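Breakdown of the fold
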Amino acid sequence: MTISSGETTATATATARATATARGATTNIHHATAINRNKYEKLITKPRSQDAIAETETNGSASATATATATPAPIGATTDRTMLLPLEDTNAAAGIVTYKQKSNGSASGSASGHGNGHINSSGSGSGSTSCSTSSSTSIGISSSGSGSGGSHLGAGSSYSMGWTCHCCNLIARRCFGINVRRCVLALLAITMVTIFYYTHYVDTDVFNGYKIEVAGKSLPVLTNLDKGRYGVIVFENLDKYLNMDKWNRELLDKYCREYDVGIVGFLSPSEETLVGAQLRDFPLFVNTNLRLRDASLNPGSSVLRLTRAGETAWGALPGDDWAVFQHNHSTYEPVEWAQRNTNEYPADSVGQVQLPLTTVLQDRGHLDGIQRVLFGSSLRFWLHRLVFLDSLSYLSHGQLSLNLERMILVDIDDIFVGEKGTRLRPDDVRALVATQKNIAAMVPGFKFNLGFSGKYYHHGTREENLGDDFLLQNVQEFNWFSHMWKHQQPHLYDNLTLLMAEMHLNYAFAVDHNIPTSSGYSISPHHSGVYPAHELLYVAWKKVWNVKVTSTEEYPHLRPARLRRGFIHRNIMVLPRQTCGLFTHTMYIDRYPGGRDKLDESIQGGELFQTIVYNPINIFMTHMSNYGSDRLALYTFQSVIKFLQCWTNLKLASAPPIQLAEMYFQLHPEEVDPVWGNPCDDARHKKIWSKTKNCDSLPKFLVIGPQKTGTTALYTFLSMHGSIASNIASPDTFEEVQFFNGNNYYRGLDWYMDFFPSGEALSLPPSNSSSPSPMPTQAGSPRYMFEKSATYFDGEAVPKRTHALLPHAKIVTILISPAKRAYSWYQHQRAHGDVIANNYSFYQVITASDSAPRALKDLRNRCLNPGKYAQHLEHWLAYYPAQQVHIIDGDQLRLNPIDVMNDLQRFLKVQPLLDYSNHLRYDVKKGFYCQALNEKRNKCLGKSKGRQYPTMDERSGKLLQRYYLNHNTALVKLLKKLGSRPIPQWLKEDLSTGT
Ligand code: A3P
């Protein structure tokens, strides 16, 4: 995503500007509101956007509470916090003041040159850029379809999208870098969060390094080391800005001036109807609670970039609480106008020329050096969403800008599949080709992408079979991709040969019928096997079709759609697919769910339109049945593309899937790595997951390490429990699977699950194994599965990955003195023949400087880093609640394993409780506790556990105590925060001598 060059210079020549003159500006005013003295008392910053949104108020009362406070820092200086307290007398604080004199209800002035006529449909089907969505003629409906098209823009549309804007201050963080789209979307979405009271949104990675902070009652810290922290400031309720106490207002205005940061503000509906009321401190007046119609944009507005001015959104505008601005200063420039809804105000229309009323206003900052864009209504009106995007771009000087390129690909799935009567006839194919041409005139490179299942070729009526033939005669007109031969779901196959055989049938059909086989793209019926990934599908796709790209709506979940992402697995690029609202059974325009109005609403600024506005790469899935009957899909796509051309400056284009995929992952390199979720946590995913796979066999708890803390002993003791079972051994890494931390993760979930066969198969180790002998389990009782991989503890990506798959798992970790751990690890490396460890002393390793050879530095890091316990634990605790995390004192595990195992069983709630005193015995020879096999024999861990090596040299010991001092101090703090865990003796000792 490129960042637009910005639009800070208002270069537009105002060819058609409204110069509405405010009336009655000098009449009496009174203070409408007084603010609470404490309202802006605290400066609050939100380090995590989650918190911020969770606390976003939705009732307009500005009551958001913040949990994290930050040191206030006024612009360019460190500031005494108290300086930021309100200094003003409460009585002096006023917001919008009410102008008592009754107005005649319309701003005088004139507007010329903006959209002044209804754009009629040409109906020619020639790719006209007319704003009409009528396309019935162009899609050539020949017989049965209703296809009555012809609805003009917004006319008669109810705009019934129930969005309301509530009062909270949104502050967008200055966004730099690659992923501006996500940031901008986040801003839009955050508004929706407020609007829809939808808070789950924040659990996602949408922000991608950019933050939106939602201010509560107070201003957040605005600067950081002389750098401005925010690129745009958005007041969902402008009152909050106008009514700010003097001190904070001055602070904010100063920030805006010094950092050239603009403000977006939305006037919120109020119960009181204001007429010619002056906005405090501005030569600007408002009338409120109006019903309006016919919105037009000012073609001369320098704010507009993505939005194309010049047309009129005809018809009633949503809501009855619009505010309009009256102004008579050159700093103000209308961005959008509308008319009074004469249906609602019949008296106004009699003999009067309707004058345009300013509904969105730009303040160019001539008066006070601050640029603003003010909205007289919320984002409930679709056009305001575009203007809002442009306002963000304009006021952030292009930093918060979306690229203008949009790619569109339309897949038509289920070619040849479908009941008689729902399939394509020759006329439909003709219309398909003709419409494709029309669309290609507006969207260069556009070709429908047809996915076929050869088995059902010629399964229709006589005419439909002719349609099949006609499609094949026109095979070169389209792009093609393979579906499954019989539309089977690949996840139902557990046998690669059978799956490939089915694919080969479709391949042979393609070859026989001259269908191209080289698109490198394929789609799976019902997303089956794509996500959750069924490895056999990926393998078979590669082998038979050399598939490089697929797409799905299911990753990570179908909803919310805006959070769909892509990933790459086994070299197949999986792209997120967007929803266009057309499904197999959606076959007639008038029978579109919710009716034709609903469809038009989606096209004319609603969901489908916005999907394309927000997504640089759009892949829509449709089905053959959407192109028969009255050709609903042709109507939909041609209409939405016309509408986009009419209202936006987006550059639409199309390309084959491989090109799109390459573009996608260039835009979103952070999405390349998949994150495997738990298929059982999503009903849709469970349905398309093999019946042979079973979440019950996934681990219920993980022993995460770190290495050398006694993890093998713990693993061994746990495996003695009849109700507890671990994975089967790996040929490479033995008892450890090491799935979540390294390249194994890319082998996919199936690979991991193979270590946890369900039922009896998992059970007992072979008799010659050195693994412990488990106690007999209660008949029929389920095993409590676990996995131990000691490298998980400090693996950067691990907590996120484990949480995605095993959010309810319990996490068990063991801690010993980090210095001793480091030394034990070093000895372990030596014993395993590590050349560096054998060539350098421990002291040399731990003191290796950053200019040391790379291998030595790596060894140093691997030796020392896991011991920064607090840091790693915090990372785990960011994903798992403390109640799911169990910390074992490794010294206790060594010296008193029976108590440790009792505690652990209680934590795991495992039944029945095993009395380890009958099964563990101290082995004098080994010097450790071992499994008591019978009265005389013990089974101890192997030679590599409890090794003999010289004690650590004093110099290294002292150095490490100093090295870990801060980490250990943080650990004590963390342990205390976590509850009543006794502080381990080793930790106290490390700290007492570590200064
Ligand atoms: P040393 O070999 O340095 O003494 P891990 O299994 O995580 O690699 O940890 C190995 C460490 O476990 C050993 O380190 C040893 O001190 C410790 N340990 C704790 N209980 C043990 C037991 N019952 N038998 C063997 N080693 C044990």
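The structure displayed is predicted, hence computed values, not measured ones. (Residues numbered from 1 in each chain as written. Predicted model: local features only at pLDDT ≥ 70, side-chain atom pairs only at ≥ 80, totals over all residues. Heavy atoms only, no water.)

1. Description of the environment of D682
Selection criterion: Elements are defined by DSSP. Helices are runs of H or I of four residues or more, strands are runs of E of two residues or more, and each kind is numbered from the N terminus.
As for its placement among the helices and strands, D682 is situated in the loop between α14 (657-667) and α15 (683-687). Remark: the alpha-carbon pair of D682 and H557, spanning 125 residues in sequence, is separated by 7.7 Å.

2. A short note on the pairing of strand β31 (residues 928-932)
Residues in a regular strand point their side chains to alternate faces of the sheet. For the record, the criterion: In this scheme, strands are said to pair when DSSP sees at least two bridges between them.
In this sheet, β31 lies alongside strand β30 (residues 920-923) in antiparallel orientation, the contact comprising four bridges. In the strand pairing of β31, Y922 is matched with Y929. Connecting the antiparallel pair β30 and β31 is a turn made up of four residues, with G927 showing a positive phi of about 80°. Here two bridges tie β31 to strand β32 (residues 938-939), and the two strands are oriented antiparallel to one another. Within β32, the residue paired with A932 across the bridge is N938. Linking two consecutive strands that pair antiparallel, namely β31 and β32, is a turn of five residues.

3. Remarks on the packing of helix α19 (residues 818-831) against helix α22 (residues 854-864)
Where we set the bar: Angles shown run from 0 to 180 degrees and are taken between the N-to-C directions of axes, each axis being a line fitted to C-alpha atoms and, for helices, limited to the stretch in contact. When an angle is under 35 degrees it counts as roughly parallel; over 145 it counts as roughly antiparallel; between 65 and 115 it counts as roughly perpendicular; any other value is oblique. Two residues qualify as a contact provided that any one of their heavy atoms is within 4.5 Å of a heavy atom in the partner residue. Note on residue classes: Ala, Val, Leu, Ile, Met, Phe, Trp, Tyr, Cys and Pro are nonpolar, Asp, Glu, Lys and Arg are charged, and everything else, Gly too, is polar.
In the contact formed by α19 and α22, the axes pass within 8 Å of each other and the chain directions differ by 135°. When the axes of α19 and α22 are compared, the pair comes out oblique. On the side of α19, the interface is formed by R821, A822, W825 and Q829, while α22 contributes L859, R862, C863 and L864. Here the contact of α19 with α22 is composed, by residue class, of five nonpolar, one polar and two charged.

4. With respect to the sheet that holds strand β20 (residues 549-552)
Spatially, three strands are ordered β20-β22-β21 in an open sheet, and the strand pairing comes out mixed. One side of each edge strand has no neighbouring strand; the edge strands of this open sheet are β20 and β21 (567-569). Between one strand axis and the next, the sheet turns by 30° as a mean value, whatever way the strands run. Pairing geometry for β20 and strand β22 (residues 572-576), over four bridges, is parallel. If you follow T550 over to β22, its bridge partner there is V574. Packing against the sheet, helix α10 (residues 535-545) makes contact with β20, β21 and β22, and its axis sits at approximately 115° to β22. Packing against the sheet, α14 makes contact with β20, β21 and β22, and its axis sits at approximately 80° to β22.

5. What to know about the confidence of the model for the chain
Here is the rule we go by: The pLDDT value expresses, per residue, how confident the predictor is, ranging between 0 and 100.
Mean pLDDT over the chain stands at 80; residues scoring 70 or higher make up 75%. Across residues 133-178, where pLDDT falls below 50, the model places 170 contacts with residues more than four positions away in sequence or in other chains. Overall, residues 760-771 carries pLDDT values under 50, and its contacts beyond four positions in sequence, including any with other chains, amount to 15 contacts.

6. Some details on the sheet that holds β32
By way of backbone hydrogen bonds, the strands of a sheet pair with one another, either parallel or antiparallel. Across the sheet, which stays open at both edges, the three strands sit in the order β30-β31-β32 with antiparallel pairing between neighbours. A strand with exactly one partner marks an edge of an open sheet, and here the two such strands are β30 and β32.

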